[in-house]
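# Examining the three-dimensional arrangement
Here is what each chain is made of, one letter per residue.
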Amino acid sequence: MEYNSCHDCEYLLHTEDGKRFLYRNYYDSYWTPLVEQIGINRTPHCTRHTCISMLSEAGVQDTTIKKIVGHSGAMTLTEKVYTHLDMQVLVDAINKTLENEDSVTADTKSA
């Protein structure tokens, strides 16, 4: 499995036309139908904890994790001002977690 993003977009997750999701738009149009379909009772915030844990377990740098999940307030001045991460770095970090997950799934199936 691999994640692909719009290379001309400044957001990792975005609308079909490359714009920033408004929380209400995302929640109503994407989140609610998905959780109802799979029968779970979770919020988008719950997935942030899982995402951060998976990125950390995959060895992704803290600065990249903060950028992906939008924790700019937790970034140091150096990270905010002098770190410029290309969108491809963020996409590669997400794909690294997916590769780890695929590896764990394959190991579980072969056991």
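Residues numbered from 1 in each chain as written. Predicted model: local features only at pLDDT ≥ 70, side-chain atom pairs only at ≥ 80, totals over all residues. Heavy atoms only, no water.

### Describing the pattern of salt bridges
Throughout the structure, instances matching the rule amount to 1 salt bridge. Residue Arg24 is joined to Asp28 by a salt bridge in which the shortest nitrogen-to-oxygen separation is 2.9 Å. In this pair, Arg24 and Asp28 are both assigned in helix 1 (residues 23-38), 4 residues apart and thus about one turn of the helix distant. Given the relative accessible area of 42%, Asp28 is considered partly exposed. (Salt bridge = Lys/Arg side-chain N within 4 Å of Asp/Glu carboxyl O. Helix = DSSP H or I, 4+ residues; strand = E, 2+ residues; numbered from the N terminus. Buried < 20%, exposed > 50% of the residue type's maximum accessible area, 1.4 Å probe, protein only.)

### Brief notes about helix 1
In an α-helix there are 3.6 residues to a turn, and that puts residues three or four apart on one side. Along helix 1, the sharpest kink reaches roughly 35°, centred on Trp31 and followed within four residues by the proline Pro33. Gly39 sits one or two residues past helix 1 and shows a positive phi near 75°. (Bend = angle between axes of the 7 residues up to and from the residue.)

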